2 protein chains.
Amino acid sequence: MRPTVHDIAAEAGVSLATVDRVLNNRPGVRSVTRDKVERAIATLGYVRDVAAANLAKGRSYSLIFILPAGENSFMRGLEAEVRAAMAHSPAERTEIAILSVPAFDARALADAVAEAHRRRPAGVAVVAVDAPEVTQAVKRLREDGIAVVTLVSDLPGSMRDHFAGVDNIAAGRTAGNLMGRFLGDRPGPVAVVAGSMLVRDHRERLEGFQGVMRQCFETRLLLPVVEGQDDAALVEKLVGALIERHPDLAGIYSLGAGNRGLVAAVEKAGREMKICAIAHELTPHSRAALLSGTIDVLLNQDAGHEVRSAIRVLKAKADGLAVIEAQERIRIDIFLKDNLPIEQA
Amino acid sequence: MRPTVHDIAAEAGVSLATVDRVLNNRPGVRSVTRDKVERAIATLGYVRDVAAANLAKGRSYSLIFILPAGENSFMRGLEAEVRAAMAHSPAERTEIAILSVPAFDARALADAVAEAHRRRPAGVAVVAVDAPEVTQAVKRLREDGIAVVTLVSDLPGSMRDHFAGVDNIAAGRTAGNLMGRFLGDRPGPVAVVAGSMLVRDHRERLEGFQGVMRQCFETRLLLPVVEGQDDAALVEKLVGALIERHPDLAGIYSLGAGNRGLVAAVEKAGREMKICAIAHELTPHSRAALLSGTIDVLLNQDAGHEVRSAIRVLKAKADGLAVIEAQERIRIDIFLKDNLPIEQA
DNA sequence: ATATTTTTGATTTACGTACATCAAAACTTC
DNA sequence: GAAGTTTTGATGTACGTAAATCAAAAATAT
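Each chain has its residues counted from 1, following the order in which its sequence is written. Note on labels: chains are lettered from A, ligands numbered from 1, in written order. Only residues with pLDDT of at least 70 are given local features in this predicted model, and only at 80 or more are side-chain atom pairs given and counted; all residues enter the totals for whole chains, interfaces and linings. The side-chain numbers reported here are obtained from all heavy atoms of the structure, hydrogens and water having been left aside.

Per an unreviewed UniProt entry, the recorded name for chain A is Substrate-binding domain-containing protein, and the organism is Rhizobium fredii.

Here it is, written out as structure tokens:
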């Protein structure tokens, strides 16, 4: 049997109350006594029974998720994952609320953060837009002792506790490497379609992609990046124009959302087998395009993992516990049509 | 507050004892009463507080992991993950033991399974060798009500409860797709190095790889597969011979272990930049080779995920609970040098 | 109707921790 | 050494469930 608080009390020759005071660092214990207890804990290898502890305190964590609105499939999937977590919340002793804000709107986001602040939750998860007013609002949260995790897109300098998302520079580099190798000696320029340079994840992907292309495939012409605002209709127009202007277009890297538009434009031009298309995020549409061959590679971040990691981290931070960063790393999934997971219901 | 057993008793108009009888299906409840209670459970949306339940029963699960011995880095990593799980075992109410057996030895493995059987654990996880005596031994475990999960390599027809590993056919197809695309129009044949056709995961990877190569890259010559027994020295010899016999060798798919040998042979021949090498499993050696460029792609299965999934499933099965298969799927990681995770301590 | 069996209720203890209260003891300080 | 302060002990209740016991009630059989 694993040791309990009683065993520690016996081993240390103190009372249960004192052990409790040490374990939950309550005041009123001499440092000599504290040492005795801590030694007993170490020699017995005591670990707190988390289940029993949670049962006893019966506390619950209130968390707020701030997510962008709009019809971006990935974000809707993310929201679905948050709602799934809400469904389990009684079992996890969490109370989760969602705040929805317009995409790419720093002002609205800063307001939402302030609103979250007013509600005084234990923690906040936010898909960040990289702007000073947002940074300030997040800083204020932190100064008030509220845990903050950035989700999907980071916000350095905001003192956020943790970033739950992928390494977007690595993602961009990976896309660049695959693009370069897939194209081989085939001639023609490569286009990049982003959502908006206002969000850090897009900027970082671009940086990684351009870095690898310039470094390892320096003969390949890179067209200037166009911004599609993660909007399918706009992306379709932009990509259509690109294809028209560059009949020899060899590849497209779409590092944001709005892939419906990308697919529509490429297929309308009848160039689905000629253009190497690399895009982000597995959605019903992008999955279909990968299977049909219009998209060649999908880079993906698992929204479910990100949400669950964010919740774990927020709970830990709210308790003042350390987070094992390595365990919370979100990996970049690379999907070809051959390793696509079975579709889920 | 979420409802408790007391609330159910009140709602159903029965005593706590009766609720307990229904919840833990103990005998001695009329079906009318049972229905009443079940209706109360449904209307209140009661869910058992697992933490409290575990605390109350104070049960612990004894599990046995049967792993191959030898210096295969992946298997050693797997064992390290099991030991890591053992370290947390007090908190998880599990007692894990490891049985080590010679690799690719069906007879020894069947004996080990029988030994595990004798110890009457709640569950067994086994890296399977696909042979009739192993299948039989596993069947006997299952007939005795012991939960069984196959790990890394599956054993269909053994009535195992679950397979904790990747879809190896998809892994092989992915390797094939990448090999075909990376080579493009470059001439030269492609070689395949396996560990042993005795284990199902290697057979399946081969099947997937050959399938894609024949189907999508039909002009590419595929050399007959050679078996390196996951032994670095043997692999080095075999690959060295292959390179010598086929000076125009364009690619090598190493679907088993022993990558140290692969790397050594390719580098000795000075062909690290000419041969496209795709291998499996991220280890210190393969990581170095990926970074240096000798290996172009690494397919990986996360040993930690597999072990933790196996433990979750074994515990669930031991309790007679259902497993959400989709949640336990192990994904195939694809690593290029650009998306390699930071090295861990 | 009585005897017998089955079903239900009431109550208690236990799991390991958290948290609160009050009294007793051990230190300080002057 | 008395008064004050700090530290420690003893004890109890609570969390939500499991599991057991024994008595009471209801159903069934005779």
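### Section: the protein's contact with DNA strand C
We call a residue near a molecule or strand whenever a single non-hydrogen atom of that residue lies within 4 Å of it. Taken together, the neighbourhood of DNA strand C is formed by 26 residues, with A:Tyr46, A:Arg48, B:Thr18, B:Arg30 and B:Thr33 sitting nearest. Taking all atoms of DNA strand C within 4 Å of the protein, the share assigned to sugar and phosphate is 70%. Each polar contact in these results corresponds to two N or O atoms within 3.5 Å; when the atoms are within protein, one needs to be able to donate a hydrogen and the other to accept it, and residues that are neighboring in sequence are counted only if both atoms are side-chain atoms. Between A:Asn24 and DNA strand C, the recorded distance is 3.3 Å, taken from a side-chain N or O atom to a phosphate oxygen. A distance of 3.3 Å separates a base nitrogen of DNA strand C from a polar atom in the backbone of A:Ala52. Mapped by element, the contributors of at least two residues to the surface near DNA strand C are helix H1 (5-12) and helix H4 (50-57) of chain A together with helix H2 (16-23) and helix H4 (50-57) of chain B. A per-class count over the surface near DNA strand C returns 11 nonpolar, eight polar and seven charged. Every helix listed is a DSSP run of H or I at least four residues long, and every strand listed is a run of E at least two residues long, numbered separately from the N terminus. For this classification, Asp, Glu, Lys and Arg are treated as charged, while Ala, Val, Leu, Ile, Met, Phe, Trp, Tyr, Cys and Pro are nonpolar and the rest, including Gly, are polar.

### Section: the protein's contact with DNA strand D
In the vicinity of DNA strand D there are 27 residues, among which A:Thr18, A:Arg30, A:Thr33, B:Tyr46 and B:Arg48 approach most closely. Sugar and phosphate atoms form 71% of the subset of DNA strand D atoms that lie within 4 Å of the protein. The backbone of A:Arg30 places a nitrogen or oxygen atom 2.6 Å from a phosphate oxygen of DNA strand D. Measuring from a base nitrogen of DNA strand D, one finds a backbone N or O atom of B:Ala52 at 3.4 Å. Ranked by residues supplied to the surface near DNA strand D, first place goes to H4(B) with four residues. Tallied by class, the residues present in the surface near DNA strand D amount to 11 nonpolar, eight polar and eight charged.

### Some points on the nonpolar core
Soluble globular proteins tend to pack their nonpolar side chains together in the buried interior. Definition of nonpolar core: a set of buried residues of the types Ala, Val, Leu, Ile, Met, Phe, Trp, Tyr and Cys, connected through side-chain atoms within 4.5 Å. Only protein chains enter the accessibility calculation, which uses a 1.4 Å probe. A residue is then buried if its area is under 20% of the maximum for its type, exposed if over 50%, and partly exposed in between. In this structure, A:Leu178, A:Met179, B:Leu178 and B:Met179 are the most contacted members of the largest nonpolar core, which totals 50 residues. Residue contacts are defined here by distance: any two heavy atoms, one from each residue, within 4.5 Å place the two residues in contact. In contact with A:Leu178, other than residues within four places in its own chain, are A:Ile278, A:Val297, A:Ile334, B:Leu178, B:Phe182 and B:Leu336.

### Description of unusual backbone geometry
Residues and elements named next belong to chain B. In this model, Phe104 sits at a positive phi of 55°, which is unusual for a non-glycine residue. Structurally, the position occupied by Phe104 is in the loop between strand E2 (94-101) and helix H7 (106-118). Phi at Glu281 takes a positive value of approximately 75°, unusual for a residue other than glycine. In this structure, Glu281 sits in the loop between strand E9 (276-280) and helix H13 (284-292). Taking relative accessible area as the criterion, Glu281 reaches 7% and is therefore assigned buried.

### A look at the interface of chain B and chain A
Every contact between the two is made by 32 residues of chain B and, on the other side, 33 residues of chain A. When two components associate, each loses some accessible surface as probed by a 1.4 Å sphere; the sum of these losses over both components is called the buried area. Across the chain B/chain A interface, buried area totals approximately 3100 Å², and carbon plus sulfur atoms make up 51% of it. Counting the surface chain B buries against chain A, the share from its top three residues, B:Arg181, B:Arg331 and B:Asp338, is 22%. Here, a salt bridge means any side-chain nitrogen of Lys or Arg that lies within 4 Å of a carboxyl oxygen of Asp or Glu. Scanning the region where chain B abuts chain A turns up eight salt bridges. For the salt bridge of A:Arg173 with B:Asp338, the shortest nitrogen-to-oxygen distance reads 3.2 Å.

### A word on the sheet that holds strand E9 (residues 276-280) of chain A
Residue and element names in this part refer to chain A. DSSP-based pairing: two strands are paired if at least 2 bridges between them are found. Strands sit in the order E7-E6-E8-E9-E10-E11 across an open sheet of six strands; the sheet is mixed. The open sheet has two edge strands, strand E7 (226-227) and strand E11 (333-335), and neither has a second partner. In this structure, strand E6 (residues 190-194) lies alongside strand E8 (residues 251-254), joined through four bridges in parallel fashion. Paired with Val190 across the strands is Gly251, a residue of E8.

### Topic: the relation of the copies chain B and chain A
Alignment of the copies relies on least squares applied to C-alpha atoms, considering only residues that score at least 70 for pLDDT in both. Laying chain B over chain A is done by rotating through 179° and shifting 0.1 Å along the axis; what remains is an RMSD of 0.2 Å. Both copies are brought into coincidence by an operation consistent with a two-fold rotation axis. By C-alpha distance to the rotation axis, the residue of chain B lying nearest is B:Ala51, at 2.6 Å. Both copies share a contact surface, since 100% of the interface residues of chain B are interface residues in chain A too.

### Description of the sheet that holds strand E3 (residues 123-126) of chain B
All names here are of chain B. Here we have five strands laid out as an open sheet, ordered E2-E1-E3-E4-E5, and parallel in their pairing. Strands at the two margins of the open sheet, each flanked by one partner only, are E2 and strand E5 (162-164). Looking at each pair of strands side by side, their axes are set apart by 20° on average, direction ignored. Pairing of E3 with strand E4 (residues 147-151) involves four bridges; the strand directions are parallel. Bridging across to E4, Ala125 finds its partner in Val149. Fitted lines through C-alpha atoms give the axes, limited to the stretch in contact for helices. The angle between two N-to-C directions lies from 0 to 180 degrees. Along the sheet face, helix H5 (residues 73-87) touches strand E1 (61-68), E2 and E4 and points at about 155° away from the line of E2.

### A look at the UniProt feature "domain: HTH lacI-type" (unreviewed entry) in chain A
UniProt positions are given in the numbering used here, feature names are shortened, and annotations may be inferred rather than shown by experiment. Per the UniProt record, "domain: HTH lacI-type" (unreviewed entry) is annotated on residues 3-57 of chain A. The straight-line gap between the two end C-alpha atoms of residues 3-57 of chain A is 20 Å; of that span, 69% is helix and 0% is strand.

### Describing the pairing of strand E1 (residues 61-68) of chain A
Residues and elements named next belong to chain A. Burial analysis of E1 places seven of its eight residues in the buried class, which makes it a mostly covered element. Bridge count between E1 and strand E2 (residues 94-101): eight bridges; the pairing is parallel. In the sheet register, Leu67 faces E2, and the bridge partner there is Ser100. Taken together, the four bridges between E1 and strand E3 (residues 123-126) define a ladder with parallel strand orientation. Following the sheet pairing, Ile64 is matched in E3 by Val124.

### Examining the pattern of salt bridges
Pairing between side chains of opposite charge can happen when the charged atoms of each approach one another. As enumerated under the stated definition, the model contains 40 salt bridges over all chains in all. One salt bridge connects A:Arg200 with A:Glu204, and the closest N-O pair in it is separated by 3.1 Å. Taken together, the positions of A:Arg200 and A:Glu204, both in helix H10 (residues 200-216) and four residues apart, correspond to about one turn of that helix. Among the salt bridges present, the one from B:Asp302 reaches A:Arg331, with a minimum N-O distance of 2.6 Å. Here the residue B:Asp302 occupies a position in the loop between strand E10 (297-300) and helix H14 (303-318), and A:Arg331 occupies one in the loop between helix H14 (303-318) and E11, the pair thus bridging two chains. Accessibility expressed as a relative area gives 16% for B:Asp302, which makes it buried. Residue A:Arg331 is classed as partly exposed on the basis of its relative accessible area, which comes to 25%. Salt bridges sharing partners connect three or more residues here, namely A:Asp130, A:Arg200, A:Arg203 and A:Glu204.

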